[in-house]
Amino acid sequence: MERAKHLDPLDHATMYNHPTYPVICIITEPGFLLLVRCPEGMADSNGVGRFPVLGCTETTPIDSVGRKSILDLAAPRRRQNVSCDILVIAKDPVPIMDNASKRISSPSCTTHVPQEPEQELILIKFDEGDPRDPQNFSYVRKWAITLTCCVFAGITAASASSYSISYESMMHDLNCTQLQATVGLSLYVVGFGIVPLISSSFSEECGRRPLYIVSSVLFMLAEVMNALAPNIQLVIVSRALQGVFGSTGASLVGGSIADIWQPHERGLPMSLFAFSSIFSFGLGSVFGGLIAANPHLGWRWVQWVHVMISGAYVLDVILVMSETRSSIVLAHIAKDARKMTGDPRYRSSAEIDKPSMSSLIKTSCTRPLYLLMTEPIVQSFSIWSGFTWGVVYCLLESVPTEFQSVYNFSVSETGFVFLCQSVGAIIGLMANMYQETLYRKYFPIKGQEARLYMACVAGVVLPVSMFIYAWTVTPNIHWMVPLIALTAFMSGVFIIFQVSFLYLADCYGPYTSSAQAGQSLARNFMALVFPLFTQQMFAGMTYKWGLTLWALLSVAMAPIPWVLLLFGSKIRSHSKISRKILEAEQQQLDGEKTVVSSPTKQTSMEV
C-alpha cells in the first residue's frame, strides 16, 4: 500500500458521522489511522482540533501528517502530546486484536463517571440496537435459546415422573419398601426448592451459560450414578444430587427468557416453559411405564434412557446456548477493552461497587423468605400453587395403584394414563394463548391484574375436576371419565404454573427473582411433604375420601385469583416493596421527560 503522506486526503476522504464534529476520514492499513488537515471552522482558537479516541476521558492531539497505531493512540500511558489539525477515524470498524475471533467490532456507549481524577471510571453501556445486547438477538437466536432452556426444564420434569412409575421394578430389584422409594422422589424435589436460593447468586457472578453447562453435565452424571446404584441408599443419594443439579439449570429458565424477550413478548416463551414442564411430566410416565414393564429392561433402563437424552442435551447447550445476562456481557466487553487499550478505567455497571459473593448469597437466601413472609400476593400464590403442586405429586403416587386395582391396568397401561397430563398441558397452553389476548385488551384498565382472567377459570376447574376424579374411579364407571377429570385438572395446573411466573414478574419488577424463588420454595416444599403421607392417608381414608379432602381444600383456595383480580392493585398499594418499585418507575419516567444539564459525558466508541 502507498504510504499515506503520498495520498491527497481530500480526494480519498469520506464523511464520518461523529457525534460532535463531521470528521473527514480515509481508510488506510488495518490498525492505523490517517491524519488530515482540519477543515475551516472546526479548529479551536489556537488552530488545533482535538477529538476523543476510543472513549478516552480526554482528547488526544497527535501529529498532523502521517499515521499512528491505534494502540498508541488509545493507551493513556503512551499518548502523544503534540498539536494536530484533526484526528481521522476510519469509516469501517478497525481491528485492534490479532485474534479475529475475539475482536470487539460493534459500537458500544461509554459514559465518563465523575470521580476523583485518579479514580475516574469509563462506564461501558450498550448502544441502541447493539447486536451484543441479548435483547437485540435475532428472533432465530432467541427461539433457539428459549427452546434449549425449555428442553432442560422438560428433562428434569420427566425424570420425576418416570422414576415414580418404575417403583415396582425398583422395589423388586433392590428389596426396598415403597416408602424408601418415595424418599427418592421427595428428595429430588428438595433441590428445586432450596438450591436455587444459592445458585442464583452464581449466575450474577459467572453468567447463565456456564451454569447451564455445568449443571447439565453433573445432572447427567448423577443419572449414571442412579442407574448403577446397587442399593436403595445410593439411589436416594443420587436422586438428591439430581435435584440439586437439575434445579440449578431449570431455575434459570425464567430469568433467561426475561433476559432476551421484552415484557410484552414473554407470554408465548413463558407458556412454552410451563408447557415443557407439565407435558414432560406425562411423557416421562409413558416411556417410563413402557420400559419398566419390560422384564428384560426394568427401572435401570429408565435411567439409562435419561442418561442418553441428557448427554444429547449437553451437546446442544454447548453449541446453541449464548450468554443472556446483559451485565455479564458488558463485563466481558469492559475486560476486553481494558486488555486492548491498557486503560484500567473501563468498567461495566456490575463491576462498580460489586458486592461480595457472600453478600449475594445472603441476599438471595433472605429476600425470598422476606417476601414470602410479608407480601400478601406472594403468600397467596405460594399457598395456592404449592397446594396444587403437592396434589400433582400425590397423583403420581395414587394413580398407578388406583387404575391397577380398580381397572386391572398393567404398568405400561398405567403409564399411558399419565398421558392425560400432556393433553392437559396442551389445553392449558391454548388457554394461556387466549389469556395473552385478554391481557393486551384489558391491561390499560386492570394493569397487572389483567394476567388473572384464566387463573380465575382455573380456580373453578381444579376443585370440580378433583371431585369428579374422586367419585368416578369405580368399576361401574368407564375409565375414560376419571381420565377426562385428570386432564381438566392438569390444564388448570398448567395455567396456575404459568400465571404465577408472569403475574409475580409484573408486580415485583427488579425483585421478580426473589418473589418467584419464595413461591418456588413453598411449592416444592409441599411437593416434598405430600408424597410422604399420601399412602398412609389413602390407606386410612380410602382414595375416594382422601381425594375429596383435597377437592374441599381446593374449593377453599378458589377465591384467591378472584380476590387478586378485584383488589390486587389496592393490596399492592399497601406493600412497602410495591411502593418502592412504583416510586422508582415514576422517577425514571420523570427523568425521561425532564432535560437537565449533566456533567456526565457519553461518547460512542469502536472497540
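Residues numbered from 1 in each chain as written. Predicted model: local features only at pLDDT ≥ 70, side-chain atom pairs only at ≥ 80, totals over all residues. Heavy atoms only, no water.

As recorded by an unreviewed UniProt entry, the protein carries the name MFS general substrate transporter and is attributed to Suillus placidus. One UniProt comment on the protein, placed under Subcellular location (unreviewed entry), says "Membrane". (UniProt positions renumbered as here; feature names shortened; annotations may be inferred.)

A. Quick peek at the pairing of strand β6 (residues 121-126). The element β6 is extensively covered by neighbouring structure, given that five of its six residues are classed as buried. As paired elements, β6 and strand β7 (residues 346-348) share three bridges and run parallel to each other. The residue bridging L123 from the neighbouring strand is R347, located in β7. (Buried < 20%, exposed > 50% of the residue type's maximum accessible area, 1.4 Å probe, protein only. Helix = DSSP H or I, 4+ residues; strand = E, 2+ residues; numbered from the N terminus. Pairing = 2+ DSSP bridges.)

B. Fine view of the side chain of Q303. Here Q303 shows up in helix α10 (residues 299-320). Residue Q303 is classed as buried on the basis of its relative accessible area of 0%. Side-chain polar atoms of Q303 contact the side chain of N226, separated by 3.1 Å. Apart from the residues lying within four places of it in its own chain, the contact partners of Q303 are Y163, E223, N226, A227 and Q242. (Polar contact = N/O pair within 3.5 Å; in protein donor to acceptor, adjacent residues only side chain to side chain. Contact = heavy atoms within 4.5 Å.)

C. Main features of the nonpolar core. Counting 111 residues, the largest nonpolar core has Y508 and W550 as its most contacted members. Ranked by residue count, the leading element in this core is helix α17 (residues 480-508), at 17 residues. With residues up to four places along the chain from it excluded, the contact list for Y508 reads E375, I377, V378, A515, I577, S578 and I581. Residues F126, L330, A334 and Y346 belong to the second largest nonpolar core, which totals nine residues. (Core = buried A, V, L, I, M, F, W, Y, C linked by side-chain atoms within 4.5 Å.)

D. Spatial organisation of helix α16 (residues 453-472). The terminal C-alpha atoms of α16 lie 29 Å apart, and with 20 residues this matches the ideal 28 Å at 1.5 Å per residue to within 8%. Those residues of α16 not exposed but buried are M454, A455, C456, A458, G459, L462, P463, S465, M466, Y469, A470 and T472. Next to the buried residues of α16 lie α13 (376-406), α15 (419-446), α17, α18 (512-557) and α19 (559-573). (Expected span 1.5 Å × (residues − 1).)

E. Examining the packing of aromatic side chains more closely. Following the criterion strictly, the structure yields 29 aromatic pairs and no others. Ring geometry for F281 versus W389: centroids 5.5 Å apart, planes at 80°, classification edge-to-face. Here F281 is found in helix α9 (residues 267-293), whereas its partner W389 is found in helix α13, with 108 residues between them in sequence. The structure contains a cluster of three or more aromatic residues connected by ring pairs, namely F273, F281, W389, Y393, F497 and F501. Here R239 stacks its cationic end above the ring of Y163, 4.1 Å away from the centre of that ring. It is R523 that lies over the ring of W389; its NZ or CZ is 5.7 Å from the centre. (Phe/Tyr/Trp six-rings, centres within 6.5 Å; stacked < 30°, edge-to-face > 60°. Lys NZ or Arg CZ within 6 Å of the ring centre and 35° of its normal.)

F. Examining the packing of α13 against α17 more closely. Closest axis-to-axis distance for the α13/α17 pair is 10 Å, and the angle between their directions is 155°. Looking at the two axes, α13 sits roughly antiparallel to α17. Regarding α13 and α17, the two cross each other, and that crossing is left-handed. Across the contact of α13 with α17, the residue classes tally to 23 nonpolar, three polar and no charged. (Axes fitted to C-alpha atoms, helices over the stretch in contact; angles between N-to-C directions. Parallel < 35°, antiparallel > 145°, perpendicular 65-115°, else oblique. Left-handed = near helix turned anticlockwise from the far one by under 90°. Nonpolar A, V, L, I, M, F, W, Y, C, P; charged D, E, K, R; others polar.)

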